[in-house]
Protein chains: 2
Amino acid sequence: MNAADGALRLENQLCFALYAASRAVIQAYQPLLKPLGITYPQYLALLVLWEGGSPRVGEIGERLDLDSATLTPMLKRMEKQGLLARDRQTVDQRQVRIRLTPAGKRLKSKAVGIPHTLACRYGAESIRQLLGLRDSLHDLRGRVRAGAPATA
Amino acid sequence: MNAADGALRLENQLCFALYAASRAVIQAYQPLLKPLGITYPQYLALLVLWEGGSPRVGEIGERLDLDSATLTPMLKRMEKQGLLARDRQTVDQRQVRIRLTPAGKRLKSKAVGIPHTLACRYGAESIRQLLGLRDSLHDLRGRVRAGAPATA
DNA sequence: AACTAATATATCGTATACGATCTAAAAGTC
DNA sequence: GACTTTTAGATCGTATACGATATATTAGTT
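Notes on the structure follow. Here the structure is a predicted model, which is why all the values come from computation and not from measurement.

Parameters at a glance
- Residues numbered from 1 in each chain as written.
- Chains lettered and ligands numbered in written order.
- Predicted model: local features only at pLDDT ≥ 70, side-chain atom pairs only at ≥ 80, totals over all residues.
- Heavy atoms only, no water.
- Near = heavy atom within 4 Å.
- Polar contact = N/O pair within 3.5 Å; in protein donor to acceptor, adjacent residues only side chain to side chain.
- Helix = DSSP H or I, 4+ residues; strand = E, 2+ residues; numbered from the N terminus.
- Nonpolar A, V, L, I, M, F, W, Y, C, P; charged D, E, K, R; others polar.
- Axes fitted to C-alpha atoms, helices over the stretch in contact; angles between N-to-C directions.
- Left-handed = near helix turned anticlockwise from the far one by under 90°.
- Contact = heavy atoms within 4.5 Å.
- Phe/Tyr/Trp six-rings, centres within 6.5 Å; stacked < 30°, edge-to-face > 60°.
- Buried < 20%, exposed > 50% of the residue type's maximum accessible area, 1.4 Å probe, protein only.

## Looking at the protein's contact with DNA strand C
Part 1: Tyr19, Arg23, Thr72, Lys76 and Arg86 of chain B are the nearest of the 28 residues found near DNA strand C.
Part 2: Counting only the atoms of DNA strand C that lie within 4 Å of the protein, the sugar and phosphate share comes to 72%.
Part 3: Take Thr39 of chain A: an N or O atom from its side chain is 2.7 Å from a phosphate oxygen of DNA strand C.
Part 4: Of all the elements in the fold, those that place two or more residues in the surface near DNA strand C are helix H3 (40–50) and helix H5 (68–80) of chain A together with helix H2 (14–33), helix H4 (57–64), helix H5 (68–80) and strand S1 (84–88) of chain B.
Part 5: Partitioning the surface near DNA strand C into residue classes produces 9 nonpolar, 9 polar and 10 charged.

## Digging into the protein's contact with DNA strand D
All names here are of chain A.
Part 1: Lining the immediate environment of DNA strand D, one finds 28 residues, of which Tyr19, Ser68, Thr72, Lys76 and Arg86 sit closest.
Part 2: Near the protein, within 4 Å, the atoms of DNA strand D are sugar or phosphate in 76% of cases.
Part 3: Side-chain polar atom of Arg94 to a base oxygen of DNA strand D: 2.9 Å apart, as the coordinates give it.
Part 4: One of the backbone nitrogen or oxygen atoms of Val96 is found 3.3 Å away from a phosphate oxygen of DNA strand D.
Part 5: Its residues assigned to classes, the surface near DNA strand D shows 9 nonpolar, 9 polar and 10 charged.

## Details of the packing of helix H2 (residues 14–33) of chain A against H2 of chain B
Part 1: It is the contact of H2 of chain A with H2 of chain B, at a shortest axis distance of 9 Å, that shows an interaxial angle of 140 degrees. Our pair here, H2 of chain A against H2 of chain B, has a crossing hand that is left-handed. Within the contact between the two elements, H2 of chain A uses Cys15, Leu18, Tyr19, Ala21, Ser22, Val25, Ile26 and Tyr29 of chain A and H2 of chain B uses Cys15, Leu18, Tyr19, Ala21, Ser22, Val25, Ile26 and Tyr29 of chain B.

## Remarks on the packing of aromatic side chains
Part 1: Considering all chains together, one arrives at 10 aromatic pairs over all chains under this definition.
Part 2: Ring centres 5.6 Å apart and planes at 45 degrees place the aromatic pair Tyr29 of chain A and Tyr43 of chain A in the tilted group. Here Tyr43 of chain A lies in helix H3 and Tyr29 of chain A lies in helix H2, a separation of 14 residues in the sequence.
Part 3: The exposure class assigned to Tyr43 of chain A is buried, which follows from its relative accessible area of 0%.
Part 4: Arranged with centres 6.3 Å apart and planes meeting at 40 degrees, the rings of Tyr40 of chain A and Tyr43 of chain A form a pair that is tilted. Residue Tyr40 of chain A and its partner Tyr43 of chain A are located together in helix H3, separated by 3 residues, close to a single helical turn.
Part 5: Through successive ring pairs, a cluster of aromatic residues spans Phe16 and Tyr19 of chain A together with Tyr29, Tyr40 and Tyr43 of chain B.

Any functional reading would require information beyond the geometric quantities listed.
Below you can see the structure in the form of structure tokens.
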């Protein structure tokens, strides 16, 4: 019943609110992604690829904040599903470019309705609120990451 | 370049803002949790246990939104580390109660400073903003979960 | 009491995450 | 040009998540 109890209470933690909300939203995507045969992280990778171009593994990683330890196996699974191809470059043989197959490109048309469907499921009073929340989260991420390097 | 492109742009997605911010914040916890020898989900379970009592696996799961498939292995790891004990009840042999060992209780004193340290790392202009963000996230989680049952 | 339904965990399989390390190739240096 | 450093991915080990199923036990029904 001391002061620390309030500070350590689960529901008071911003981190838990984030963790729980993130998982809840990802679960809300499941019924929409299952018909497409993809997982939520795969959907994020496809969002990057649908924007065009043939990014390298590392470029996708920069967008999603994921490293090759996560991306390489995931991209290989997507390759096996026929959604994309992984081409090791000849100019710089360290690099691997990712490009969508026709099947991967076709999925985009099936996905266009997803953001709107989810926006409805968010059930917010106003879109503006959701946009504000989104921007606050991007800000928070930036501040937390900025504070990360102990050498700064 | 049609309207759908904006809707499918990665940075426009609230879900991605959540996903990325959640992972960034969890990573910010790592340097603080490593000295305690625990992971972030284990820290969340300890927050529940430090509140007192000997909750069942399912009760911890209700608080954290996690099921036994995730909790049972995690709690077993924590048991092996000597942080807690898993007692199958004799009254109802299906139930397993979790109670902290002295070592598990001692960890609390090492953790009391963590929320404050993180609050600083969030680098927000005001605490009020962070509290507002936290509450918005809890609201969002409630709305998304409420919309989940397709039979409702 | 025998049978059925519901409940509480546990287990299994698959897919992330991520720190640490490995490998190969490119870049920089003397 | 041989040597060192850096870089891009890949691999390994461990720890979550979570849908699906299994197991054991209790509750409910007739």
